[in-house]
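Survey of secondary and tertiary structure
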Amino acid sequence: MSYDFVTEWVLETVREKYADDIAMVVSHTTLRIDDSEKCISYFVPITKKGEAFAQTFILAGVGYDIWGIPWERLERFAELEEYNITCLADGEVLYARTEEDRARFEGLKRKQAANLASDKKARACALTSYEEAKSIYLEMLFASDSRVKLGAGYVLDYLARAVAFSNHTYFKKSQIDQLNELQEMEDVPEGFAGLYRKILFERSEEQQKKGCYELIRLVGEYLAGKKAAGNDRIPREHHYQDLADWYGELSYTWLRIRHYTQIKDPVKVYMWGSFLQSELNQVCEDFGLEEIELMKYYDAENPGVMAAQADKAEQLIRKVIENGGGSIREFANEKEFLHEI
C-alpha cells in the first residue's frame, strides 16, 4: 500500500539526508480510518533544515500531511496545553536519532500521564474546556445555518473533554468517537450521552441551541458537584492578611451598596452588586470558601434584600479574616487614626 511506501521513504530519507536535523519520526494512528496502520504521522525537527522536510501531497488518491512537531510543542502536549494530546500519548517511535532522543520522548509521555493523574491539573483542564464550550455557545446564539451546526459540534467536543479530564483521561480518537469512549469512563454526568446524541440529530437550529444550553448546564452542575465533593481541594497556604487588605480595599463597595439602597437607586445597586459578586467569587475560590450568593437576591423593586445579603457576606469575610489571623486596619475616628498611624 502507498502508506507503507511513504513511511519507508520518509525513514530512508531522514536517515540519509536529515540525520543531524530530525530527532524522531513518529507514527500516530488513532485518527486514521484504519487505526492499525503503523505509518508516518509526524517528525521532530531540531534545525531549520529539518523543519523544511514537512510534506503535504496526495499519492494514489490518499492524502498525506507529514508535519513537524518541535520539542517545545511536544512539551505543551505533555502539559495538556495542546488540543489533540493523543498525538503524544499514543505516538509510537519509528525512528530515533539517538537513545537520548527516544528517552526524552518517552519521558514526555510519562510527564503527560502524570499531569492527567493530577487532580489539580486535570481540574484546571476540565474547567478550561468548559469555559471554551460556553464561549462557543455564546457565538452560536447569534449564528445561523452552518455556523450553528459547527458551533454545536465544538460545544459537544469541549464539554466531552471537560468530562474526560475530570476522569483523568483523554479521547484517543479526539472528537470522532466520544460517545463510545465515554462509556469506558467511570464518572459521566447522567443524561450526558443522551443529550449529546440528541443535539447531533436535531434538525432545528433553535432546538440545537437549546440542547447545547441544557448540556452546558448539566456539565456545569457536574463540575460544581465535584468541587463540592472536595475533588479539587488542593492544600494551599492562605494569606489572611492579603484577604484583610482586599477587604479594606473593597469595604467602600459595601458602603456604596448600602447608600444606593437607602436612596432607592436600583441601577447602581445592581452594578455595584455585580462587581462585588465577581470579587467574592474569586475570594471564595482562593480561600476554599463556600460560594457566596449575592446577585441571586437582587430585586429591582426591593434592592434591600440583596443589600442585606451583602451585609451578611461582609460579616462572614470579617470573621474569616479574624479567625485566620489577619488584621483589618480600621480606626473609629480621626484621633485614633493619627495615634495609630
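Owing to the predicted nature of the structure, the values given are computational and were not obtained by experimental measurement. (Residues numbered from 1 in each chain as written. Predicted model: local features only at pLDDT ≥ 70, side-chain atom pairs only at ≥ 80, totals over all residues. Heavy atoms only, no water.)

1. What about the packing of helix H12 (residues 266-287) against helix H13 (residues 304-324)?
- With their axes 12 Å apart at the nearest point, H12 and H13 run at an angle of 30° to one another. Between H12 and H13, the angle falls in the class roughly parallel. Here H12 and H13 pass one another in a crossing that is left-handed. Within the contact between the two elements, H12 uses Val269, Gly273, Leu276, Leu280 and Val283 and H13 uses Met306, Ala310, Ala313 and Ile317.
- Tallied by class, residues from the contact of H12 with H13 come to eight nonpolar, one polar and no charged. (Axes fitted to C-alpha atoms, helices over the stretch in contact; angles between N-to-C directions. Helix = DSSP H or I, 4+ residues; strand = E, 2+ residues; numbered from the N terminus. Parallel < 35°, antiparallel > 145°, perpendicular 65-115°, else oblique. Left-handed = near helix turned anticlockwise from the far one by under 90°. Contact = heavy atoms within 4.5 Å. Nonpolar A, V, L, I, M, F, W, Y, C, P; charged D, E, K, R; others polar.)

2. Side note on the environment of Tyr158
- Following the sequence through the fold, Tyr158 ends up in helix H7 (residues 146-166).
- Each C-alpha atom, one on Tyr158 and one on Ala193, is 14 Å from the other, the two residues being 35 residues apart in sequence.
- Not counting residues up to four positions away in its chain, the partners in contact with Tyr158 are Tyr83, Ser129, Glu132, Ala133 and Ile136.

3. Things to note about the sheet that holds strand E2 (residues 40-45)
- The sheet built from five strands is open, its strands ordered E3-E4-E2-E1-E5 with mixed pairing. Because the sheet does not close on itself, it has two edges, and the strands there are strand E3 (55-59) and strand E5 (92-96). Pairwise comparison of adjacent strand axes, ignoring direction, gives a mean angle of 20° for this sheet.
- Pairing between E3 and strand E4 (residues 62-68): five bridges, direction antiparallel. Counterpart to Thr56 in the pairing with E4 is Asp65.
- The sheet contacts of helix H3 (residues 71-78) involve strand E1 (22-27), E2 and E4, and relative to E2 the element is tilted by about 115°.
- Running at roughly 50° to E1, helix H5 (residues 99-117) makes contact with E1, E2 and E5 of the sheet. (Pairing = 2+ DSSP bridges.)

4. Concerning the confidence of the model for the chain
- Mean pLDDT over the chain stands at 91; residues scoring 70 or higher make up 95%.
- Predicted confidence is poor over residues 231-237, with pLDDT under 50, and the contacts of this stretch with residues over four places away or in other chains come to 11 contacts. (pLDDT = per-residue confidence, 0-100.)

5. Brief notes about unusual backbone geometry
- Positive phi outside glycine occurs at Leu80, with the angle close to 65°.
- Residue Leu80 is classed as buried on the basis of its relative accessible area of 6%.
- You will see that Asp145, though not glycine, has its phi angle at about 55°, which is positive.
- Summarising the element assignment, Asp145 is placed in the loop between helix H6 (119-140) and H7.
- Since its relative accessible area comes to 53%, Asp145 is described here as exposed. (Buried < 20%, exposed > 50% of the residue type's maximum accessible area, 1.4 Å probe, protein only.)

6. A look at the environment of Phe165
- With respect to the helices, strands and loops of the structure, Phe165 is situated in helix H7.
- Phe165 gets classed as buried once you look at its relative accessible area, which sits at 4%.

7. Structural notes on the packing of aromatic side chains
- One pass over the structure, following the stated rule, counts 14 aromatic pairs.
- Centroid distance Trp9 to Phe53: 5.9 Å. Interplanar angle 25°. Geometry classified as stacked. Taken together, the positions of Trp9 in helix H1 (residues 2-17) and Phe53 in the loop between helix H2 (48-51) and E3 put the pair 44 residues apart, joining distant regions of the chain.
- Ring geometry for Tyr137 versus Tyr213: centroids 6.3 Å apart, planes at 35°, classification tilted. Linking Tyr137 in helix H6 with Tyr213 in helix H10 (residues 205-228), this pair joins segments that are 76 residues apart in sequence.
- An aromatic cluster of three or more residues is present, and its members are Trp9, Tyr18, Phe43 and Phe53.
- Lying over the aromatic face of Tyr18, Lys49 brings its terminal NZ or CZ to 5.3 Å of the ring centre.
- Looking at Arg256, its charged tip hangs above the ring of Trp272, at a distance of 3.9 Å from the centre. (Phe/Tyr/Trp six-rings, centres within 6.5 Å; stacked < 30°, edge-to-face > 60°. Lys NZ or Arg CZ within 6 Å of the ring centre and 35° of its normal.)

8. What to know about the pairing of E1
- Among the six residues in E1, six count as buried, and that is most of the element.
- Inspection of the sheet shows E1 paired to E2 by five bridges, in the antiparallel sense. Along E2, the bridge assignment pairs Ile22 with Pro45.
- The pairing of E1 with E5 spans four bridges and is antiparallel. By the bridge assignment, Ser27 is partnered in E5 with Glu92.

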